[in-house]
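Residue-level structure breakdown
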Amino acid sequence: YLDSNKTTITRLPTNIPAAHSWNLNLTYNKDLAKWFTTNTTATFYQNLFNGKASNGFSLDDPGFVTIDLVTNNSFHCSDNLSLEADFEYESNRQFVGSVFGAYSVLGLAAKQKLFHGQGSVTINANNVLNTESRGAEDHYLNLNQHGYSYFYTRAILLTFNYRFGSGKLTKTQTQTKSGSGEEQQRAGN
């Protein structure tokens, strides 16, 4: 809240008298074609807060519905080339007297196998559209505060992997003894 001098902001932890929320998840996992697989989830939720805080601020706010969409998609182009596209979007969301702005993130990747599967080159691009910045508004007793955070998380990674040797696994002997069996053997039983 804003102090009586109108220049100092004081934030005090306060118990919320009542909070209610609901959540609906819809998930779709499917091989749409032998070369295309999607794993998509849409989440709808709403946070509602009721009552008065100890400083007299009314929390009676019905809130609003937030949408969170996440989709991961794989594309099998050939035995040696695969692609991926991941996207996340979250609309405006509310927590008590704070409203956070929408954001989205897009990631892309490509993997090319080399040397008869012994090696590969992978390129990953994170936050391709550079849209992970977020705004926020706080509305409390005598205080309306607006803020904006700019996250520069765009990155491109290039990776080369190579597996030396034949790549064949050698068979190893596995013991199927239990821990108590080993204890009994040590004790001479």
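In this text, all values refer to a predicted model and were calculated from it rather than measured experimentally.

Rules behind the numbers
Every chain begins its residue count from 1, and numbering advances along the sequence as written. For a predicted model such as this one, the threshold for reporting local features is a pLDDT of at least 70, and the threshold for listing and counting side-chain atom pairs is 80 or more; totals across whole chains, interfaces and linings nevertheless cover every residue. Water and hydrogen atoms play no part in the side-chain values, which are based on all heavy atoms of the structure. Strands are runs of DSSP state E lasting at least two residues, helices are runs of H or I lasting at least four, and both sets are numbered from the N terminus onward. Exposure classes here rest on a 1.4 Å probe applied to the protein chains alone. A residue is buried below 20% of its type maximum, exposed above 50%, and partly exposed in between. Contacts were defined at the residue level, with two residues in contact if any of their heavy atoms lie within 4.5 Å. Basic side-chain nitrogens of Lys or Arg form a salt bridge, by our definition, when they fall within 4 Å of a carboxyl oxygen of Asp or Glu. Stacked, tilted and edge-to-face pairs are distinguished by plane angle, under 30 degrees for stacked and over 60 for edge-to-face with tilted covering the rest, among Phe, Tyr and Trp rings (Trp via its six-membered ring) whose centres lie within 6.5 Å. Patches in this entry comprise residues that are over 30% relatively accessible and not in a salt bridge; like charges within 9 Å are linked, as are nonpolar side chains (Val, Leu, Ile, Met, Phe, Trp, Tyr) within 5 Å. The accessible surface values rely on the Shrake-Rupley method and a 1.4 Å probe; as for residues, cover is taken only from the protein chains in view. Two N or O atoms count as a polar contact when they lie within 3.5 Å, although within protein this holds only if one can serve as hydrogen donor and the other as acceptor, and sequence-adjacent residues are included solely when both atoms are side-chain atoms.

Some remarks on the overall build of the chain
Assigned secondary structure in the chain consists of one helix and eleven strands. Put simply, the chain runs from its N terminus to its C terminus through helices and strands in the order β-β-β-β-β-β-β-β-β-β-β-α. When each of the 189 residues of the chain is scored for burial, the buried share is 23%. Taking the intrachain contacts of the chain between residues at least 6 apart in sequence as the baseline, contacts between residues at least 24 apart amount to 49%.

Examining the pattern of salt bridges
One pass over the full model with this rule turns up one salt bridge. Ionic pairing is found between E90 and R93, a salt bridge with its closest N-O pair at 3.5 Å. The buried category is assigned to E90, whose relative accessible area is 9%. What makes R93 buried here is its relative accessible area of 12%.

Some remarks on the packing of aromatic side chains
In this description, an aromatic ring pair is defined by two values, namely the gap between the centres and the angle between the planes. This model, assessed by the stated rule, comprises five aromatic pairs. Judged by centre distance (4.8 Å) and plane angle (75 degrees), the rings of Y162 and F164 are edge-to-face. We classify F164 as exposed; its relative accessible area is 70%. Through a chain of ring-to-ring contacts, the aromatic side chains of W35, F36 and F75 assemble into a single cluster.

Overview of a nonpolar patch on the surface
Together, W22, L24, L26, V65 and I67 make up an exposed nonpolar region whose accessible area comes to about 410 Å². Only β1 (18-33) and β3 (65-76) provide two or more residues apiece to the nonpolar patch. When residues of the nonpolar patch are assigned to their parent elements, the largest contribution, three residues, is made by β1. Following the sequence through the fold, L26 ends up in strand β1.

Let's talk about the side chain of E90
Residue placement: E90 occurs in strand β4 (residues 81-90). In this structure the side chain of E90 is engaged in a polar contact, spanning 3.5 Å, whose partner is the side chain of R93. With residues up to four places along the chain from it excluded, the contact list for E90 reads Y45, T66, I67, D68, A102 and Y103.

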